[in-house]
Amino acid sequence: RQQTFGRARPRRAEAGADPLQFSSLKTVTPRAAELVGTTIERVARRGKFVVIELAGPRLVFHLSQGGRVDVEDPPKSTRPRGCVVRFRFEGRPSVLVKEFGRERKAGWWVLGEHDDGPLAKLGPEPDSDAFAELMLHGVDGRRVHTILRDQRTVAGIGRGYSDDIIHRAKLSPYASLASLQDAGMAVQMLQHPVDPGDDDDVAAALREAEQGGGTVW
């Protein structure tokens, strides 16, 4: 399920996308040059990927562990250290994706119609019915901590937030999903034990991270 974190009024792309690191672009077609003149319809999120939906192709990027986004107002044309790609928009600030450290894992994709690219392998979102069904009734012999970190099983949590979720739910990181189901404890991760109106432990941990300045899921 795709989550919208912001909407943009239709804007014509002034200069499209400027690749600043050759290996960061993970697709060959459609070409980045084809983005020029397209209109942004929606900005969304799927797992840890930012999805910019255009009138035609989609732009997708992933920051990995060391990636950052700079909003450049006024727009810039410099080539700073660690730069990955710069997105340009008519009458709007440019958006620079860059990566700190020596590892170069941040990347971006230009996806054509009916091509989900890296999104195709992602599991359900942590606030979805599919994830709840997995935790309550799924057959998976792995540890819960491992399950939460696996993007193919549940999208968008990862290593840091899985630690917070396990701690908040007062569960052992070594416990298997089957053992928690047998003990009736898996529901702790999906239903807050104090106030039914509160977030569940998964949502609460992610919400606290967001409020503290962390990445949203």
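Residues numbered from 1 in each chain as written. Predicted model: local features only at pLDDT ≥ 70, side-chain atom pairs only at ≥ 80, totals over all residues. Heavy atoms only, no water.

This paragraph deals with the confidence of the model for the protein. Looking at the protein, pLDDT values average 81 and 77% of them are 70 or higher. When the elements of the protein are averaged for pLDDT, strand S1 (residues 3–6) gives the smallest value, 37, and strand S9 (residues 107–111) the largest, 95. Contacts from residues 1–8, a stretch scored under 50 in pLDDT, to residues over four places away or in other chains number 27 contacts. pLDDT under 50 marks residues 192–197. Its contacts with residues more than four places away, or in other chains, come to 6 contacts. (pLDDT = per-residue confidence, 0-100. Helix = DSSP H or I, 4+ residues; strand = E, 2+ residues; numbered from the N terminus. Contact = heavy atoms within 4.5 Å.)

Turning our attention to the side chain of Glu 125. For Glu 125, the position within the fold is in the loop between S9 and helix H1 (129–137). Classification of Glu 125 by relative accessible area gives buried; the value is 0%. Side-chain polar atoms of Glu 125 contact the side chain of Arg 46, separated by 2.8 Å. (Buried < 20%, exposed > 50% of the residue type's maximum accessible area, 1.4 Å probe, protein only. Polar contact = N/O pair within 3.5 Å; in protein donor to acceptor, adjacent residues only side chain to side chain.)

Right, let's talk about the pattern of salt bridges for a bit. Enumeration according to the criterion identifies 11 salt bridges in this entry. Between Arg 58 and Asp 116 there is a salt bridge whose closest N-O contact spans 2.8 Å. With Arg 58 in strand S5 (residues 58–62) and Asp 116 in the loop between S9 and H1, this pair connects stretches of sequence that are 58 residues apart. The class for Asp 116 is partly exposed, based on a relative accessible area of 38%. Bridged by salt links that share partners, the residues Asp 140, Arg 142, Asp 150 and Arg 152 form one connected network. (Salt bridge = Lys/Arg side-chain N within 4 Å of Asp/Glu carboxyl O.)

Most of S9 is tucked away, with 5 of its 5 residues classed as buried. Neither face of S9 is open: one carries Gly 107, Trp 109 and Leu 111, the other Trp 108 and Val 110, and all of them are buried. Sheet analysis places S5 next to S9, joined by 5 bridges and oriented antiparallel. Bridge pairing in S9 places Phe 61 opposite Trp 108. (Pairing = 2+ DSSP bridges.)

In this structure the tally under the stated criterion is 3 aromatic pairs. With 5.5 Å between their ring centres and 65 degrees between their planes, Phe 49 and Trp 109 make a pair best called edge-to-face. With Phe 49 in strand S4 (residues 49–54) and Trp 109 in strand S9, this pair connects stretches of sequence that are 60 residues apart. In this pair, the class of Phe 49 matches that of Trp 109, namely buried. Judged by centre distance (5.9 Å) and plane angle (80 degrees), the ring pair of Phe 87 and Trp 108 falls under edge-to-face. Of this pair, Phe 87 sits in strand S7 (residues 83–87) while Trp 108 sits in strand S9, placing them 21 residues apart in sequence. (Phe/Tyr/Trp six-rings, centres within 6.5 Å; stacked < 30°, edge-to-face > 60°.)

Glancing now at the sheet that holds strand S8 (residues 94–99). The strands that make up a sheet are held in pairs by hydrogen bonds between backbone atoms, and each pair lies either parallel or antiparallel. The strand order across the open sheet built from 4 strands is S2-S7-S8-S6, with neighbouring strands paired in antiparallel fashion. Of all strands in the sheet, those bounded by a partner on one side alone are strand S2 (17–19) and strand S6 (67–72). Between one strand axis and the next, the sheet turns through 20 degrees on average, direction left out of account. Inspection of the sheet shows S2 paired to S7 by 3 bridges, in the antiparallel sense. (Axes fitted to C-alpha atoms, helices over the stretch in contact; angles between N-to-C directions.)

Before going further, it helps to examine the environment of Val 43. Tracing the backbone shows Val 43 in strand S3 (residues 40–46). With a relative accessible area of 18%, Val 43 lands in the buried category. Once the C-alpha coordinates of Val 43 and Glu 53 are considered, the two residues, 10 residues apart in sequence, prove to be 6.1 Å apart.

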